[in-house]
Structure formats: C-alpha cells, structure tokens
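Residues per chain are reported as follows:
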Protein chains: 2
Amino acid sequence: MRILLVEDDRELIASLKKPLKEAGYVVDVAEDGIEGEYLGNEDIYDLAILDLGLPKRNGLEVLSNWRKADNKLPVIVLTARDTWQERVDGFKSGADDYLGKPFHVEELLARITALLHRSIQSPGKSLISGDLILDEDRQIVTTEDGQTHTLTSTEFRLLRYFLLNTDTILSKSRLTDHLYNFDSDKDSNVIEAYIKRLRKILGKERIETRRGQGYIFKESW
Amino acid sequence: MRILLVEDDRELIASLKKPLKEAGYVVDVAEDGIEGEYLGNEDIYDLAILDLGLPKRNGLEVLSNWRKADNKLPVIVLTARDTWQERVDGFKSGADDYLGKPFHVEELLARITALLHRSIQSPGKSLISGDLILDEDRQIVTTEDGQTHTLTSTEFRLLRYFLLNTDTILSKSRLTDHLYNFDSDKDSNVIEAYIKRLRKILGKERIETRRGQGYIFKESW
DNA sequence: GGTGAAGCTGAAATGAAGCTGAAAAAAGGA
DNA sequence: TCCTTTTTTCAGCTTCATTTCAGCTTCACC
C-alpha cells in the first residue's frame, strides 16, 4: 500500500513516517498543496492524508480539485481547528474521513485501515477472503485449516495488497510500485521469490500466474 | 492496439516502452515532429502520445495539422510545463487528454485505457459484444454458454481488437500491425494460428474469413 | 473440373518467463 | 560488535505461450 502524506509540518511528518512504515505502508510526502494535488492524481496511491493548512494551495482546494477531476482517492483530512464548520466543509469537498489535531497515531492508523477496507468490503478488523484471515495489527494470517503463520514485513505487505485487490491481474511492476520505494531495481525476481513464499503458506492454487502479465489472487477458487 | 509515441527524450521513451508493452500495446516511436506527423497519418494507430517540445516541428503544430487533415486519432499530450495556459492551448489544438511531466506511468496507462474506451464505445470494465463478455481486469472471456476461458496475452489482445472493431474487415497485415512491431515476419501464419485458437474458444461462426481480404468479427450472428 | 493460391490444422520446436533452493547480502536486535 | 532474521540475488531448471512447419482443405478463377 502506498500512502500520500500532504503535510508541511516537518515534525509531524517525522513522527508519522515511522509508524506508517511499521504498519507496512510506503509513504511519499508532499510539503505543499500544489505538489500534493499533483501527486494525488498519480493513480498509484491507495490513500492520502491531507492537511488543510498548507502553503501554496489550501488543502480543501486540493481535495475539491481531485474530486472535480473524478479522482476517487480515499482521503483523510487533518485539521488544526476541529470545528463543526470545518468538518462540514471537509466532507462537502469530498473527504472520506476527518481527524482533528492533535491526534494519536493509533487513531490515524485505525482510520487508515478502516478506509482502505471500506471500498472493498464491509468494515471489520481483519481482511478476509474466502477462508483466509489476515490480522493486520499482528501481521498474522490464518489459513483454511486453522493454522496461523506470522508474516515477515514484506510477506505481509504483499498479501495485504493482494487481498485488497483480488480477482485482478497485478503486474510485477505494479506490485513493486506498491511494495517498494521508487528507487527499487526493476529486473530482480524479488516478487517471484515472495510469491513462492506466499504460496507455501497459502497453498499454490490461491495465486494464479498469468504468464507475461502478472498474478491474480483469487477470492474464491 | 498500436500506439504512436512522439517523443525525443530517449530516457523517457525507454521508461515508457516496457510498461506500455506489458499493458498489451505495440509502441512505435517518432523522435521528431515531422516524422511524428507523418506516422500519425498512417491510419494504423489507435492512439498517439505526443510531446509538445519536439525537434523540427512543434507538437502543437503537429496536432493541429492532423486535425486540419481530418485525422481523428486520439491524442494524449505531454508537456513539461503544465500551466493553465498550455492546457487550454492543447485542448484548443485538438488534444483528447493532457498530462504534465513528470507523471507516473500508471496514470498514463489509465488515461490511455479511458481514452481508448471513450473514443470507441461507452466506458466499462468489460467489453461486451452480443453474449460475449471480455473481462479486462482478469483477461477472461465469458461465452454464450456461460463458460469462462482464461486468455493468453496475445489471445487477449487479438480478441480485444476484434471487439473494438466488430463488423469490419480486418486484414491480416492490419492485425499483425496491431499485435506486433514492424520488423515482424510478414509471411508467417501466426494470425491464422491465433484465429484458430479464438474460434475454438468462441465458436467458428463468430469470426468469418474473407478470403484474400481478412477477417470479420461479427457483433451478432 | 483443374489449378494454384489462401487458409486451416495438429503437432512439434523454440525461447522467454517463471520457479526453485541455496547462498549472499542487508537489516535489525542483543 | 556479533548473531539472528529477513531480504535479495543467483544459476540452473521447468513450463508453457508463441511460432513454425508440413501437409491438408477450400475457394476463386479459368
């Protein structure tokens, strides 16, 4: 999962980056409204965290521009003054969620999870596909036979991305984009290696190879 | 699908070719405005990606020449300076879409898909013709009897091209042009081989042979 | 009806894409 | 720092999408 953080307060950025990374997200930061709006249209993000008080272009403006352009990126708005009025404005502009400062990182993480799940399925704590349960807090997966496996960070991120995008061909380069930062080496076979590990845990049938195209994680099979 | 990329930046060309190819497009490159304008009139392209800053002839000029000649080729314009003014100019010259540099490849791909669909038929995730459904996410086709078949990359591209051009005679060389690069061997029978495979999946009647001319994919029969 | 080109077909060759197990490298913790 | 865990690389191997091929059939034209 790749998250866009649009925020100008360096201190806040620093304090958010680590926990977000720990939760298995790749984070890109935009420090002003114009850059933020641009990046948010890139179509590689799964979610944006948008501060309202930004230099160059106001957060609400950024948000409503996205929506005008039919960009459906899930957005969590951050604001210093959490007034009733502001909140209404935020949602009117198309925010999916709203969080007043100061806030606890845990709350933000929880809202992120909720928001990412919302577009896929009914809200719930775990990601479920068929008889597969992924506990996102503990990064543990429970398979059909009731066995649990702790996942390494990369295994977890890959599986989560699959679970949030079932029944769709995901090319290796798309997977790389969502798992790693931009500087990643394109012609390595890391993805293949991790697919193999996931298959060992989940069973071979679950992830189908489409030669020359990518992989499909099958919701049911 | 065959895409004309008019771009002089070798590095950008290199970074675009692979993902475009992965997405199932054949890509030809013109490195200056004059060559680009010429190729764009060849009537074999389904879409052009046109940079504005080109040697020999400016991109906007190329575009407006095409339009003057009543060439309706869908065009996505790339520009280094993404200003309001430039955007307006681009659309006035007949661009179908506009993308400022730098951009992420996935956005370009999304816009290509959107544009191809827009220019040919109503938007939708699946291409439908008669009782035939082509799921582009999964590259699966569902036939009249409700059976689904997974397609290989070439089968998919060929079928998609047929579905986007139903009830039209498509010559073998035109099909070859859209599936392969120019240097492809002209007197091979690959197309015949793939027609056979498609017929096996879809039924014989669906694709009619016009001896000496090509094939017709029939919308209904 | 005979002829030749165009198209069809099933099987086989090919080569790139993907898989795999192990080992090297890097990251993380004590 | 050293040790453990995780990540990445590598080289050989396997698989299968693609292409080729050779023989066959069909069709248009005479």
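Nothing here was measured: the structure is a model prediction, and the numbers come from that model. (Residues numbered from 1 in each chain as written. Chains lettered and ligands numbered in written order. Predicted model: local features only at pLDDT ≥ 70, side-chain atom pairs only at ≥ 80, totals over all residues. Heavy atoms only, no water.)

### A word on the protein's contact with DNA strand C
Argument step 1. Around DNA strand C, a shell composed of 20 residues is seen, among which Lys172(A), Lys196(A), Lys172(B), Lys196(B) and Lys204(B) lie nearest.
Argument step 2. In the model, a phosphate oxygen of DNA strand C is placed 2.5 Å from a nitrogen or oxygen of the Lys172(A) side chain.
Argument step 3. Sorting the residues of the surface near DNA strand C by element identifies helix H8 (190–202) of chain A together with helix H8 (190–202) of chain B as the ones contributing at least two each.
Argument step 4. Per-class residue counts for the surface near DNA strand C are two nonpolar, six polar and 12 charged. (Near = heavy atom within 4 Å. Polar contact = N/O pair within 3.5 Å; in protein donor to acceptor, adjacent residues only side chain to side chain. Helix = DSSP H or I, 4+ residues; strand = E, 2+ residues; numbered from the N terminus. Nonpolar A, V, L, I, M, F, W, Y, C, P; charged D, E, K, R; others polar.)

### Focus: the protein's contact with DNA strand D
Argument step 1. Taken together, 21 residues are adjacent to DNA strand D, and Thr152(A), Arg211(A), Thr152(B), Thr154(B) and Arg197(B) come closest.
Argument step 2. The share of sugar and phosphate among atoms of DNA strand D within 4 Å of the protein is 61%.
Argument step 3. A distance of 2.5 Å separates a phosphate oxygen of DNA strand D from a polar atom in the side chain of Tyr180(B).
Argument step 4. At 3.2 Å, a side-chain N or O of Asn189(B) approaches a base nitrogen of DNA strand D.
Argument step 5. Of all the elements in the fold, those that place two or more residues in the surface near DNA strand D are helix H6 (153–164) and H8 of chain A together with helix H6 (153–164) and H8 of chain B.
Argument step 6. Classifying every residue of the surface near DNA strand D gives six nonpolar, 10 polar and five charged.

### Structural notes on the pattern of salt bridges
Argument step 1. Applying the stated rule across the entire model yields 21 salt bridges over all chains.
Argument step 2. Of the charged contacts in the structure, one is a salt bridge between Lys56(B) and Asp32(B), with a shortest N-O distance of 3.6 Å. Highlighted residues: Lys56(B) in the loop between strand S3 (47–51) and helix H3 (59–68) and Asp32(B) in the loop between strand S2 (26–30) and helix H2 (33–40), separated in sequence by 24 residues.
Argument step 3. We note a salt bridge from Glu208(B) to Lys218(B), for which the minimum N-O separation is 2.9 Å. On the criterion of sequence distance, the pair formed by Glu208(B) in strand S11 (residues 207–210) and Lys218(B) in the segment after strand S12 (214–217) is long-range, its members being 10 residues apart.
Argument step 4. By relative accessible area, which is 25% here, Glu208(B) ends up partly exposed.
Argument step 5. A relative accessible area of 22% means that Lys218(B) is categorised as partly exposed.
Argument step 6. A single network of salt bridges, built from pairs that share partners, joins Glu208(A), Arg210(A) and Lys218(A). (Salt bridge = Lys/Arg side-chain N within 4 Å of Asp/Glu carboxyl O. Buried < 20%, exposed > 50% of the residue type's maximum accessible area, 1.4 Å probe, protein only.)

### Points about the interface of chain B and chain A
Argument step 1. Between chain B and chain A, the contact holds 17 residues from the first and 17 residues from the second.
Argument step 2. Of the roughly 1,400 Å² buried where chain B meets chain A, counting both sides, 41% is carbon and sulfur surface.
Argument step 3. Summed over the three residues of chain B that lose the most area to chain A, namely His104(B), Glu106(B) and Arg138(B), the buried surface amounts to 41% of that side.
Argument step 4. Applying the counting rule to chain B against chain A returns zero salt bridges.
Argument step 5. Summed over the shared surface of chain B and chain A, the number is three residue pairs in polar contact (both at pLDDT 80 or more).
Argument step 6. Per element, the largest residue contribution to the side of chain B that touches chain A is three residues, and it comes from helix H5 (residues 105–120) of chain B.
Argument step 7. Among the residues making up the side of chain B that touches chain A, the classes are represented as five nonpolar, six polar and six charged. (Contact = heavy atoms within 4.5 Å. Buried area = accessible area lost by both parts, 1.4 Å probe.)

### Re the pairing of S3(B)
Residues and elements named next belong to chain B.
Argument step 1. Counting buried positions over the five residues of S3 gives five, a clear majority of the element.
Argument step 2. The side-chain alternation of S3 yields two buried faces, one formed by Leu47, Ile49 and Asp51 and the other by Ala48 and Leu50.
Argument step 3. Note that strand S1 (residues 2–6) and S3 share four bridges and pair parallel. Considered in S3, the bridge of leucine 5 is made with isoleucine 49.
Argument step 4. Here S3 pairs with strand S4 (residues 75–79) via four bridges, running parallel. Within S4, the residue paired with alanine 48 across the bridge is valine 75.
Argument step 5. Read from S3 through H3 to S4, the crossover connection turns out right-handed. (Pairing = 2+ DSSP bridges. Right-handed = clockwise from strand over helix to strand, strands pointing away.)

### Remarks on the side chain of Arg2(B)
Residue and element names in this part refer to chain B.
Argument step 1. Its place among the elements puts arginine 2 in strand S1.
Argument step 2. On the accessibility criterion, arginine 2 (0% relative accessible area) is buried.
Argument step 3. Side-chain polar atoms of arginine 2 contact the side chain of aspartate 28, separated by 2.8 Å.
Argument step 4. A polar contact of 2.9 Å, which involves the side chain of arginine 2, links it to the backbone oxygen of tyrosine 180.

### So, the domain arrangement of chain A
All names here are of chain A.
Argument step 1. Domain boundaries in chain A define domain 1 (2–118) and domain 2 (127–217).
Argument step 2. Counting residues at the interface gives 12 residues for domain 1 and 14 residues for domain 2.
Argument step 3. Between domain 1 and domain 2, the buried area comes to about 1,000 Å², and carbon and sulfur atoms account for 48% of it.
Argument step 4. Counting across the interface, domain 1 meets domain 2 through zero salt bridges.
Argument step 5. Those elements that provide at least two residues to the side of domain 1 that touches domain 2 are strand S2 (26–30) and helix H5 (105–118).
Argument step 6. At three residues, H5 tops the list of elements feeding residues into the side of domain 1 that touches domain 2.
Argument step 7. Split into classes, the residues belonging to the side of domain 1 that touches domain 2 amount to five nonpolar, three polar and four charged. (Domains from an automatic or database assignment.)

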